[in-house]
Amino acid sequence: AQTVTQSQPEMSVQEAETVTLSCTYDTSENNYYLFWYKQPPSRQMILVIRQEAYKQQNATENRFSVNFQKAAKSFSLKISDSQLGDTAMYFCAFDTGTASKLTFGTGTRLQVTL
Amino acid sequence: NAGVTQTPKFQVLKTGQSMTLQCAQDMNHNSMYWYRQDPGMGLRLIYYSASEGTTDKGEVPNGYNVSRLNKREFSLRLESAAPSQTSVYFCASSGYPQAKNIQYFGAGTRLSVL
């Protein structure tokens, strides 16, 4: 079974600064997908970024980028130029790709301050 | 586009009562999912439907039943609610034409069982 671990329950960053959220996972699969989802106070789950394991290039989406280390089974999210609207819970998730069943980590609560 | 629509948004039940959570998507996706989210935990998969006419158990199926009514709709039923089922429930869908394995979530249903 796959497991996803987020070891930082809470983090804080000042506006305009950069923050990195950590995620590690455990799997015996070779092909899979990794995701970061954002959950603001509205409770809506919003996809931030997606990484396909067979691609060596790290995914980027505007201010959001990942550092994907396949051998280390690490998938961290970097948020640059943090904004107040980035305040949310961030969940790392894993999908083997065969049945698209997501396994989530326990989340990191990010607070962006002035 | 409405995306994934869940009803109701809030519900309070007494122990032993039954209810059905409704979910509909307008993206013509083949796959649909039900998750629950408890405090301090990530989302956990209850049931999923890879295509119309099929359903399978996820990580935490006990106490629930599902029906894939048609391609658009996937309902979750609690036959005899228990306090342990107090949670936030999310429905999601995935499939063509969106990118493979990306799940789109509804706004959630907050359920309290007294």
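In what follows, the structure referred to is the one given above.
This report concerns the structure included in the present document. (Residues numbered from 1 in each chain as written. Chains lettered and ligands numbered in written order. Predicted model: local features only at pLDDT ≥ 70, side-chain atom pairs only at ≥ 80, totals over all residues. Heavy atoms only, no water.)

1. Some words on the pattern of salt bridges
Residues and elements named next belong to chain B. Note the cut-off: Think of a salt bridge as a Lys or Arg side-chain nitrogen and an Asp or Glu carboxyl oxygen that are within 4 Å of each other. The buried label applies to any residue whose accessible area, calculated with a 1.4 Å probe on protein chains only, is under 20% of its type's maximum; exposed applies above 50%, and partly exposed to all values in between.
Taken as a whole and judged by the stated rule, the model has seven salt bridges over all chains. Residue Asp38 is joined to Arg36 by a salt bridge in which the shortest nitrogen-to-oxygen separation is 3.0 Å. The buried category is assigned to Asp38, whose relative accessible area is 10%. Assessed through its relative accessible area of 9%, Arg36 is described here as buried. Close ionic contact of Arg77 with Glu79 constitutes a salt bridge, the shortest N to O distance being 3.1 Å. With a relative accessible area of 29%, Arg77 lands in the partly exposed category.

2. Brief notes about the packing of aromatic side chains
Applicable threshold: Think of it this way: a Phe, Tyr or Trp ring, Trp meaning its six-membered ring, pairs with another when their centres are within 6.5 Å, and the plane angle makes it stacked under 30 degrees, edge-to-face over 60, tilted otherwise. By definition, any uninterrupted DSSP run of H or I lasting at least four residues is a helix, any uninterrupted run of E lasting at least two residues is a strand, and each is numbered from the N terminus.
Scanning the entire structure with this criterion turns up 15 aromatic pairs over all chains. Taken together, a centroid distance of 5.4 Å and an interplanar angle of 65 degrees make the contact between Tyr25 of chain A and Tyr32 of chain A edge-to-face. Looking at Tyr25 of chain A, the relative accessible area reads 5%, which means it is buried. Their ring planes at 35 degrees and their centres at 5.8 Å tell us that Tyr25 of chain A and Phe94 of chain A sit as a pair that is tilted. In this pair, Tyr25 of chain A sits in strand E4 (residues 24-26) while Phe94 of chain A sits in strand E10 (residues 88-95), placing the two residues 69 residues apart along the sequence. An aromatic cluster of at least three residues, connected via ring pairs, comprises Phe35, Tyr37, Phe91 and Phe104 of chain A together with Tyr33, Tyr35, Phe90 and Phe105 of chain B.

3. Quick notes on the interface of chain A and chain B
Operational definition: Every residue pair with non-hydrogen atoms within 4.5 Å of one another is taken to be in contact. For the purposes of these results, a polar contact is taken to be a pair of N or O atoms within 3.5 Å, where, inside protein, one atom must be able to donate a hydrogen and its partner to accept one; residues adjacent in sequence count only when each atom of the pair is a side-chain atom. Charged residues are taken to be Asp, Glu, Lys and Arg, nonpolar residues to be Ala, Val, Leu, Ile, Met, Phe, Trp, Tyr, Cys and Pro, and polar residues to be all remaining types, Gly included.
Facing 19 residues of chain A, the contacting portion of chain B comprises 25 residues. Between chain A and chain B we count zero salt bridges in total. Inspection of the chain A/chain B interface yields eight residue pairs in polar contact (both at pLDDT 80 or more). Of all the secondary-structure elements, those providing two or more residues to the side of chain A that touches chain B are strand E5 (33-39), strand E6 (46-52), E10 and strand E11 (102-104) of chain A. In terms of residue count, E5 of chain A provides more of the side of chain A that touches chain B than any other element does, four residues in total. Its residues assigned to classes, the side of chain A that touches chain B comprises nine nonpolar, six polar and four charged.

4. Considering the sheet that holds strand E3 (residues 19-25) of chain B
Residue and element names in this part refer to chain B. To keep it simple, the criterion reads: The pairing criterion for strands is at least two bridges between them, as found by DSSP. Interaxial angle, 0 to 180 degrees, is taken between N-to-C directions of lines fitted to C-alpha atoms, where a helix line uses only the stretch in contact.
Strand order in the open sheet formed by four strands is E1-E3-E8-E7, with antiparallel pairing between adjacent strands. The open sheet has two free edges, formed respectively by strand E1 (4-7) and strand E7 (65-68), since each of these has just one partner strand. Mean inter-strand twist for the sheet, computed between neighbouring axes without regard to direction, equals 15 degrees. Note: E1 against E3, four bridges, orientation antiparallel. What sits directly across from Thr7, in E3, is Gln22.

5. Focus: the nonpolar core
Counted only if it meets this: Residues grouped as a nonpolar core are buried Ala, Val, Leu, Ile, Met, Phe, Trp, Tyr and Cys residues, joined through side-chain atoms within 4.5 Å.
Core analysis: the largest hydrophobic core is formed by 25 residues, its most contacted members being Tyr25, Trp36, Phe75, Leu77 and Tyr90 of chain A. The greatest single-element share of this core, amounting to four residues, is contributed by E10 of chain A. Counting 21 residues, the second largest nonpolar core, distinct from the first, contains Leu13, Met19, Ala81 and Leu111 of chain B.

6. Here's the deal with the pairing of strand E11 (residues 109-113) of chain B
For a regular strand, side-chain orientation follows a simple rule: the groups alternate between the two sheet faces. All names here are of chain B. The side-chain alternation of E11 yields one buried face, formed by Thr109, Leu111 and Val113, and one unburied face, formed by Arg110 and Ser112. Of the pairings in the sheet, the one linking strand E2 (residues 10-13) to E11 comprises four bridges and is parallel in character. Bridge assignment links Leu13 to a residue of E11, and that residue is Val113. Sheet topology places strand E9 (residues 87-94) next to E11; three bridges connect them, and they run antiparallel. Looking at E11, one finds that Tyr89 is bridged to Thr109.

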